[in-house]
Structure formats: C-alpha cells, structure tokens
Amino acid sequence: MGYVILFIGPAGCGKTSLTAALGSWLNERGISVAYVNLDAGALDLPYEPNVDVRRRFTLESIMREEGLGPNGAMIKAADYLVEIADELAEEVNGLNIELALIDTPGQMEVFVFRPSGPALVKALLKAGSRTVALNMLDATITSTATDLVVAALLSATIRLRLEVPTVPVVNKVDVTRPSIEREELINHVKAEEYGILSDFVSSLAKALDVIEIREPILVSAKKGLGLDILYDRLMEVFCECGED
Ligand SMILES: Nc1nc2c(ncn2[C@@H]2O[C@H](COP(=O)(O)OP(=O)(O)OP(=O)(O)O)[C@@H](O)[C@H]2O)c(=O)[nH]1
Ligand SMILES: [Mg+2]
C-alpha cells in the first residue's frame, strides 16, 4: 500500500512547482517519491514523471484528432481520465516508493467538479493507496480574512467531492503572507464585509470549525518555505485517516 498526495488548485497557483519542490525536499531526506502527471496540456515539467498521462494522450493530440478547441479538449482529456483511472491507479500502486505525488490538470474545476477527480480517487483507494488532497491557493490573490474563509470552504468542497481528507495550502508566501490568526478570523471577516454577506461569511467561518477544516499551511514552492510544516501536517492526516 502506498501513500498518495494529490495537488489540486486553480490555474497557476503552483501545483507543478510544489510537486517538484516537495519531491526534492523529500528525496533530500531519504524518502522515495514518484511523480505522476495528470495534466495532458503540460509542456515542460520541473520533475521527471514516473507515470504520465501524456504517454496516452495530450491536449494537442485531442485537439488535432477530434477537431476540438482548447476548452473542449480539456474536458475530453478529463473524460478520458475516467476511462483510464483504474489503470493509472494500478500503475501508481505498483511503484516501489513511499509517496506518490500527483500533479493535477491546470483547471481544477474540470478535475474536481466533473467525474475525473472522483473516479481517480476511487480507483486509487480501490488499489489500496492512502490518499490526501492538498488544496492549493495563490497567496497573491488570498490576502484577506474573507479569502481565507473562501479557501477553507473550497477545501470542504473538495473533501465532499473527492471524499478524502484535505490539507489547505497557500503557496507563494515569498511574495506576500496572509495573516491567519484563527481567533481573530471572524472579527477580521466582520471588518471586511458588511450586511448579509458579512453574516454569511461569519457563519461559514463557524460552520467550517464543525468539520475541522484547519488553517492553511503557508508555503513557497519557489523558495522551499514551509515544506517541513506541510510534511508534518500530511503525516498527521495520513495517520488519522489510517485509524478507521
Ligand atoms: N513567487 C512565486 N512564484 C511561484 C511559486 N510557485 C509557483 N510560482 C510561479 O507561478 C507560476 C505557475 O506555477 P506552476 O507550478 O506552473 O502552477 P500550476 O498550478 O501547476 O499551473 P497550471 O498547471 O498551468 O494550472 C509559475 O510562473 C511559477 O514560477 C512560489 O512559491 N512563489
Ligand atoms: Mg501545472
């Protein structure tokens, strides 16, 4: 049985960079990792993928062969992922490594809200892999308390769609660091928004406590910041999800 980390997040938040950065960090500490690329549109990757969806199809091949534009091809690629989910999961589970790092397609909504993400997770669990989803956000567009509540909400949404534990992560903190004092969060939210929306976001902040979505981990894939804290949190979550 292997451990699997899925890197999920909006376009450009740093999924590919963090996959590579965490992989190198783990390798330097003697932990063997495998890289899995699920992005059919990726060109150059900063890591050498052990499993790569592009060996089966690319966005370009789909566009050319099926006469589709980039958006149609992206959706098609996600749908093909459903068909090969079991094969990919077996391939990942067959690797002789401690951790598999799975870099997901650029557009998270295609992965999370269409059937491909849930199908892949189901296949990974069936193949015996213990799986955690890292849900990533970009610090440069996550600066307010309300943004952090939205981040936690997104984490809850991913957990509900994929049915695996999630760890919220804010990347690019070398550029800017959001303030995340938990006790202050609701007051911050109140200060940021007014009227109905304020009450709504405050209620969300409280509701998220109930399902124990925790504060995001602040990292920088570029500078290698926060990777030790991220690793500790991941290990905690892997232990917790192994208890049932
Ligand atoms: N400053 C800074 N830039 C970063 C960091 N991580 C990634 N980037 C930059 O953000 C851009 C996108 O990074 P990627 O790793 O390709 O992000 P991604 O989420 O894989 O992107 P898509 O797969 O295209 O959606 C690149 O220009 C990276 O150099 C970081 O920690 N700090
Ligand atoms: Mg990427």
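Look up: the structure comes first, before these words.
Attention here is on the structure that accompanies the text. (Residues numbered from 1 in each chain as written. Chains lettered and ligands numbered in written order. Predicted model: local features only at pLDDT ≥ 70, side-chain atom pairs only at ≥ 80, totals over all residues. Heavy atoms only, no water.)

Focus on the packing of helix 2 (residues 59-66) against helix 3 (residues 70-83)
Two elements in contact, helix 2 and helix 3, have axes separated by 9 Å at closest approach and are oriented at 110 degrees. With respect to helix 3, the axis of helix 2 lies roughly perpendicular. Two secondary-structure elements touch here, helix 2 through Leu 59, Ile 62, Met 63 and Glu 66 and helix 3 through Pro 70, Ala 73, Met 74, Lys 76, Ala 77 and Tyr 80. Its residues assigned to classes, the contact of helix 2 with helix 3 shows eight nonpolar, no polar and two charged. (Axes fitted to C-alpha atoms, helices over the stretch in contact; angles between N-to-C directions. Helix = DSSP H or I, 4+ residues; strand = E, 2+ residues; numbered from the N terminus. Parallel < 35°, antiparallel > 145°, perpendicular 65-115°, else oblique. Contact = heavy atoms within 4.5 Å. Nonpolar A, V, L, I, M, F, W, Y, C, P; charged D, E, K, R; others polar.)

Structural notes on helix 7 (residues 145-162)
Over its 18 residues, helix 7 runs 26 Å from end to end, which matches the ideal 26 Å to within 8%, given 1.5 Å per residue. At the C-terminal side of helix 7, Glu 163 shows a positive phi close to 60 degrees. (Expected span 1.5 Å × (residues − 1).)

Here's the deal with helix 4 (residues 85-93)
Where helix 4 is concerned, the buried positions are Ala 85, Leu 88, Ala 89 and Val 92. Considered in projection along helix 4, the buried side chains sweep an arc of 100 degrees and stay on one side of the axis. Its buried side turned inward, helix 4 meets strand 1 (3-8), strand 2 (33-37), strand 3 (51-52), helix 3, strand 4 (99-103) and helix 6 (116-126). (Buried < 20%, exposed > 50% of the residue type's maximum accessible area, 1.4 Å probe, protein only. Arc of directions from axis to C-beta.)

Some points on the nonpolar core
With 33 residues, the main nonpolar core has Leu 6, Ile 8, Leu 38, Phe 111 and Leu 120 as its most contacted residues. Elements that contribute at least two residues to this core include exactly strand 1, helix 2, helix 3, helix 4, strand 4, helix 5 (108-112), helix 6 and helix 7. If near-sequence neighbours (up to four positions away) are discounted, Leu 6 is found in contact with Ile 102, Thr 104, Phe 111, Leu 120, Val 121, Thr 131, Val 132, Ala 133 and Leu 134. In this structure, Tyr 35, Leu 99, Val 132 and Phe 238 belong to the second largest nonpolar core, which totals 31 residues. (Core = buried A, V, L, I, M, F, W, Y, C linked by side-chain atoms within 4.5 Å.)

Any functional reading would require information that these geometric values do not contain.
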